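# A structural walkthrough
Take a look at the letters that make up each chain.
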Amino acid sequence: MKVLKFGGTSVGSVESILNVKKIVEQRTEPVIVVVSALGGITDQLIRAANMAKNGKADYIIEYNAMLTRHIDMIDQIIDSEKKEELKKGVLGLFDELSDIFKGVYLIKDLSNKTYDTILSYGERLSSLIVSNMITGAELKDSRTFIKTRTLHNKHICDLEITNKQINELFKKINQTIIVPGFISSDIKTGDITNLGRGGSDYTASIIAAALNAERLEIWTDVDGFMTADPRVISNAYVIDQLSFGEAMELCNFGAKVVYPPTIFPVCHKNIPIVIKNTFNPEAQGTLISKEAQSSEKLIKGISSINDTCLLTIQGLGMVGIIGINHRIFRALANSGISVFLVSQAASENNTSIGIKNEDAELAVKVLEREFAQEIEMGEINRVVVDHDLATVAIVGEKMKHVSGIAGRLFETLGRNGINVIACAQGAAETNISFVVKKDSLRKTLNVIHDSFFLSEYQLLNIFIVGTGTVGKDLINQIEKQKSKLICKNALKLNIVGIANSRKCIFNRTGIDLSNWESELDQSELKASPEFIRDQIIEMNVFNSVFVDCTANEAIANIYEKLLANNVNVVAANKIAASASYDSYIKLKNTARERGVKFLFETNVGAGLPIINTMNSLINSGDRILEIEAVLSGTLNFILNTISKEIPLSQTIKMAQEAGYAEPDPRIDLSGKDVIRKLVILSREAGYKVEQSDVIKNLFIPDKYFSGPIEEFWKSIPEFDASFEAIRKKEADLGKKLRFVAKMKNGETSVSLQAVDSNSPLYNLEGSNNIILLTTERYNEFPMIIKGYGAGSSVTAAGVFADIISIANIR
């Protein structure tokens with residue numbers, strides 16, 4: 001024999017209640033069916049009761065709406081021969097309810113007894129309708145066999161008497177039995193009581209356990225227990241199997257699929273529970289049993305309570321005193337206050353407890369009354385109250401005896417800037433619970449779901465600033481590679497923000513990359529570094545990466561605040577890493593302290609793996625002694641292109657047209673770009689270097705660097721003949737000109753040099769870069785890194801590689 005329970009949504013509409021009929025009538029053996037009130041009716045009963053108590057005649061509107069809904073339901077689902085008789089029964093119940101409401105309205109008083117009676121009508125009405133809808137069904141009133149006692153102003157089921165009554169009433173079951181859930185009666189007075197909100201699940205569990213049912217089926221509006229709340233985590237999925245312990249932990253911490261007390265009666269009798277979806281009966285659902293099938297995943301699910309208040313009792317007078325905790329929990333229990341989390345310091349000088357916000361005021365009064373003498377003497381401080389908190393629990397029996405779970409959890413949270421206020425873990429090791437700020441809950445759930453492999457893929461949330469050639473190429477590369485990264489690397493790149501110098505767009509669920517340019521152009525959000533920074537911090541998304549594809553100093557100035565808020569930073573922009581040494585070190589240290597990444601591989605050599613290679617050498621114990629490099633793709637293009645036929649001024653123009661040079665090519669010609677790159681490499685090699693330390697031997701006179709850009713283009717041809725003479729002289733000697741950056745033991749310089757064919761710098765084509773690293777290991781023969789050192793596509797690819805590397809910190 002099986003017990004089936006259908007919740008409010010399952011009987012809440014014509015479509016769903018007809019699904020209930022189909023599901024039950026397909027059974028070949030008799031079943032017991034427990035039903036809740038029609039979805040939303042209990043809330044309406046509560047509203048109407050409170051309106052009546054407060055003397056508001058509008059309670060009649062709620063009453064009439066409930067009456068109309070039930071009559072309309074009957075008209076649409078009940079056969080004509082039963083319809084009138086059923087309406088008569090339903091109207092009789094509504095007449096009783098009307099009289100009760102009138103009485104409450106007149107005397108403006110609502111006793112607990114009257115309140116419980118009013119609430120009972122939801123299930124009494126729904127069960128009457130369902131028993132007439134299902135062919136051959138019989139209605140049994142649960143008030144006659146579910147018996148309760150009152151304890152701390154709450155109705156507690158007397159299982160011994162209740163089980164005896166159930167076994168007598170259901171000795172022989174030859175037909176489908178319909179039972180109203182939730183409602184019960186007091187064992188002494190016979191007054192109507194109830195088992196609490198969600199009590200219909202408990203009713204079904206009590207009956208299943210008493211009759212040793214084959215299984216208990218809970219039919220609801222979801223496919224089963226989910227790994228997390230799907231309203232917060234879009235890729236949450238159904239858990240196939242749970243143990244009773246895992247299900248209880250998830251229920252106690254906010255998973256509303258099953259009312260928590262439901263599990264104990266059937267667990268005690270080893271009766272499995274199956275969670276099924278009334279709207280999708282073919283779905284497998286979730287099986288809850290004594291021993292769930294083993295899973296590869298360490299945790300089964302994440303649950304949360306967003307209504308958390310933390311009370312902290314603290315004082316040196318608590319240390320070593322036996323009975324303090326007994327007094328705390330006795331005082332709270334005697335006032336009917338439930339505690340769902342306890343965290344205590346090993347020193348015993350403080351205890352924190354998690355309760356609902358609505359219980360906070362009473363709890364403080366109770367505890368301060370209990371410890372009034374100790375507070376007065378200064379042995380214990382006044383109770384500290386923290387509101388606006390949320391409690392999160394990760395659950396899974398496979399966590400038992402697996403080392404590092406808690407460390408990994410808290411490291412993951414810390415890396416994402418989530419502060420854990422209190423935590424608790426029992427010796428059973430199936431649940432780690434902790435408290436965070438309520439406004440961090442969404443981020444917390446996403447971080448855990450992603451980091452503990454509950455998600456099918458890891459997610460990075462990316463903000464891109466700068467939509468010039470590099471930024472645009474980067475977005476295109478991400479769009480082309482997205483599917484492959486998900487399939488082959490289980491990595492999803494989600495671009496949640498894009499900005500240029502004028503406008504910006506943000507969307508935490510992801511921007512449509514097929515239409516981003518149009519969306520950005522139509523945006524009404526005006527971009528500024530401060531606004532972009534504040535929006536990113538306010539969005540507070542997990543695994544966030546800020547990508548700077550600009551050359552803007554103001555954008556570079558927001559890195560520190562972003563890193564401090566646990567946002568990874570990837571920069572193609574050279575300004576931050578080449579600014580003052582103190583600023584550079586502060587950014588590096590902030591990233592290290594916050595557990596995030598500050599990456600700028602493309603600052604030097606575009607997509608060439610220079611900085612990563614240097615870091616690998618240093619981390620493995622090597623020491624970089626000397627750097628010799630050609631670091632400007634623009635200058636190398638100019639020096640490779642210039643000839644007797646093509647003068648200097650023309651090659652500068654060609655470099656600009658090819659996209660190598662800056663809009664103002666004097667930035668490249670001045671050596672400023674090379675100096676920045678050399679400073680960055682020297683710092684990454686372990687030397688304290690400022691831009692002002694670099695000795696500069698430039699090949700273009702200073703006079704060409706002042707004045708407007710138009711004046712430069714007009715006057716630079718004057719220098720063509722002089723420079724051609726220099727080039728020809730060296731060419732006649734079989735040498736080529738290169739603009740070389742050098743660092744030796746911390747001493748730095750940039751200069752135009754003539755190199756012969758024996759130099760590795762000689763055969764450097766086009767806009768290529770080359771870097772020679774002389775180290776303690778690579779001493780006689782330096783390590784050489786050579787390749788494209790300019791161009792938007794290779795720079796974008798280098799930025800892309802930095803983004804991908806962040807995913808590896810999982």
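My aim in this report is to walk through the structure given alongside it, one point at a time. On a predicted model such as this, the values are computed, not experimentally measured, just so you know. (Residues numbered from 1 in each chain as written. Predicted model: local features only at pLDDT ≥ 70, side-chain atom pairs only at ≥ 80, totals over all residues. Heavy atoms only, no water.)

## As for the packing of helix H23 (residues 633–641) against helix H24 (residues 648–657)
As a reminder of what qualifies: Between the N-to-C directions of two axes lies an angle of 0 to 180 degrees, each axis being a line fitted to C-alpha atoms and, for a helix, fitted only over the stretch in contact. Per the convention used, a helix needs a DSSP run of H or I reaching at least four residues, while a strand needs a run of E reaching at least two, with both numbered from the N terminus. What sets the label is the angle itself: under 35 degrees gives roughly parallel, over 145 gives roughly antiparallel, 65 to 115 gives roughly perpendicular, and the rest give oblique. A clockwise turn of the near helix away from the far one marks a right-handed crossing, whereas an anticlockwise turn of less than a right angle marks a left-handed crossing. Contacts were defined at the residue level, with two residues in contact if any of their heavy atoms lie within 4.5 Å. When residues are grouped by polarity, Ala, Val, Leu, Ile, Met, Phe, Trp, Tyr, Cys and Pro land in nonpolar, Asp, Glu, Lys and Arg in charged, and all others, Gly among them, in polar.
Direction vectors running N to C along H23 and H24 enclose 135°, while the axes themselves pass 9 Å from each other. As summarised for this structure, H23 and H24 are arranged oblique, according to the angle between their axes. Every pair of crossing elements has a handedness; the one defined by H23 and H24 is right-handed. The segment H23 lies against H24, with Thr 634, Phe 637, Ile 638 and Thr 641 engaging Leu 648, Thr 651, Ile 652, Met 654 and Ala 655. Residues that form the contact of H23 with H24 fall into these classes: six nonpolar, three polar and no charged.

## Some details on the side chain of Glu 123
Rules: Each residue gets one of three labels from its accessible area relative to the maximum for its type: buried under 20%, exposed over 50%, partly exposed in between, using a 1.4 Å probe on protein chains only. Positive charges are assigned to Lys and Arg, negative charges to Asp and Glu, while His and the chain termini are left out of the count. By convention in these notes, a salt bridge is any Lys or Arg side-chain nitrogen within 4 Å of a carboxyl oxygen on Asp or Glu.
Looking at the element boundaries, Glu 123 is found in helix H5 (residues 112–133). Within the buried set, Glu 123 has no salt-bridge partner at all; the shortest N-O distance to an opposite charge, 7.5 Å, is to Arg 197. The residues touching Glu 123, leaving out its near neighbours within four places in the chain, are Val 35, Ser 36, Ala 37, Thr 42, Pro 180, Gly 181, Phe 182, Ile 183 and Ser 200.

## Details of the pairing of strand S28 (residues 747–755)
Stated formally: One requirement defines pairing of two strands: DSSP has to find at least two bridges between them.
Two strands pair when backbone bridges link them, and strand S26 (residues 695–697) and S28 are joined in this way by three bridges, in the parallel orientation. Counterpart to Asn 697 in the pairing with S28 is Ser 751. Between strand S27 (residues 736–744) and S28, which pair antiparallel and follow one another directly, the connecting turn spans two residues, one of which, Asn 745, has a positive phi of 50°.

## Some points on the packing of aromatic side chains
Applied cut-off: We call Phe, Tyr and Trp rings a pair once their centres come within 6.5 Å, taking the six-membered ring for Trp, and we label the pair stacked below 30 degrees between planes, edge-to-face above 60, and tilted otherwise.
Counted under the stated rule, the structure contains 19 aromatic pairs. Between the aromatic rings of Tyr 63 and Phe 101, the centroid separation amounts to 6.3 Å while the plane-to-plane angle is 85°, which identifies the pairing as edge-to-face. Of this pair, Tyr 63 sits in helix H3 (residues 59–77) while Phe 101 sits in helix H4 (residues 80–107), and the two are 38 residues apart along the sequence. Per residue, the accessibility class of Tyr 63 equals that of Phe 101, and both read buried.

## Considering the pairing of strand S4 (residues 147–151)
Strand residues, when the strand is regular, have side chains that alternate between the two faces of the sheet. With two bridges joining them, S4 and strand S7 (residues 183–186) adopt parallel strand pairing. Of the residues in S7, the one forming a bridge with Thr 148 is Asp 186. Summarising the sheet, S4 and strand S5 (residues 154–157) pair through four bridges and their orientation is antiparallel. Each bridged residue has a counterpart across the sheet, and for Arg 149 the counterpart in S5 is Ile 156. Hairpin connection, S4 to S5: the antiparallel pair is bridged by two residues, and His 152 has positive phi, about 55°.

## Considering the layout of surface pockets
Just so we agree on the cut-off: Space inside and on the surface of the protein is sampled on a 1 Å grid over the protein atoms alone, with a cavity defined as a set of points where a 1.4 Å probe fits but cannot get out and a pocket as an open set with protein on both sides within 12 Å along at least 5 of 7 lines; lining residues have an atom within 4 Å of a point. Grid points are joined across faces, edges and corners, and a volume is the space filled by probe spheres set on the points.
Here the second largest pocket defines a volume of roughly 1,200 Å³. If you trace the second largest pocket, you find 47 residues lining it, with Val 470, Cys 549, Thr 550, Ala 551 and Glu 662 closest to the centre. For the lining of the second largest pocket, the secondary-structure elements that each account for two or more residues are helix H15 (469–489), helix H17 (529–539), helix H18 (553–556), H23, helix H25 (666–669), helix H26 (672–684) and helix H29 (792–807). Counting residues per element, the lining of the second largest pocket draws most heavily on H26, at three residues. A class-by-class count of the residues in the lining of the second largest pocket yields 18 nonpolar, 22 polar and seven charged.

## Examining the nonpolar core
Put simply, the rule reads: Put simply, buried Ala, Val, Leu, Ile, Met, Phe, Trp, Tyr and Cys residues joined by side-chain atoms within 4.5 Å make one nonpolar core.
Formed by 77 residues in total, the largest nonpolar core has its most connected members in Phe 546, Tyr 559, Phe 598 and Ile 627. By residue number, the principal contributor to this core is H26, which donates six residues. Excluding residues that lie within four positions of it along the chain, Tyr 559 makes contacts with Phe 546, Asp 548, Val 569, Ala 571, Asn 573, Ala 576, Leu 587 and Phe 598. Phe 6, Ile 78, Leu 86 and Ile 118 belong to the second largest nonpolar core, which has 49 residues in total.

## Describing the sheet that holds strand S22 (residues 544–548)
Strands sit in the order S21-S20-S19-S22-S23-S24 across an open sheet of six strands; the sheet is mixed. Strands at the two margins of the open sheet, each flanked by one partner only, are strand S21 (504–506) and strand S24 (598–599). Examined bridge by bridge, strand S20 (residues 491–499) and S21 share three bridges and lie antiparallel to one another. Following the sheet pairing, Ala 499 is matched in S21 by Cys 504.

## Quick notes on the pattern of salt bridges
Applying the stated criterion across every chain, the model contains 32 salt bridges. Measuring nitrogen to oxygen at the nearest pair gives 3.1 Å for the salt bridge that ties Asp 43 to Arg 197. Of this pair, Asp 43 sits in helix H2 (residues 41–53) while Arg 197 sits in the loop between strand S8 (192–194) and helix H7 (199–210), and the two are 154 residues apart along the sequence. We classify Asp 43 as partly exposed; its relative accessible area is 35%.

## A closer look at the state of the cysteines
Convention followed: Count a disulfide wherever a pair of cysteine sulfur atoms falls within 2.5 Å.
The full count for this structure, using the stated rule, is zero disulfides. Between Cys 267, a cysteine without a disulfide, and Cys 251, which holds the nearest cysteine sulfur, the sulfur-to-sulfur distance is 12 Å. Here Cys 423 is not disulfide-linked; the sulfur of Cys 309 is the nearest cysteine sulfur, at 18 Å. Overall, the relative accessible area of 35% leaves Cys 423 in the partly exposed class.

## Comments concerning the packing of H4 against H5
At a closest axis distance of 11 Å, the pairing of H4 and H5 adopts a crossing angle of 175°. Relative to H5, the element H4 lies roughly antiparallel. Taking contact as the criterion, the partners of Lys 82, Leu 86, Gly 89, Val 90, Leu 93, Phe 94, Glu 96, Leu 97, Ile 100, Phe 101 and Val 104 in H4 are, on H5, Thr 114, Thr 117, Ile 118, Tyr 121, Arg 124, Leu 125, Leu 128, Ile 129 and Asn 132. For the contact of H4 with H5, the per-class residue count stands at 13 nonpolar, four polar and three charged.

## Quick word on unusual backbone geometry
The phi dihedral of Asn 540 is positive, around 55°, even though this residue is not glycine. With respect to the secondary-structure elements, Asn 540 resides in the loop between H17 and S22. If you check the backbone angles, Ala 606 has positive phi at about 55° while not being a glycine. On the secondary structure map, Ala 606 appears in the loop between S24 and helix H22 (610–619).

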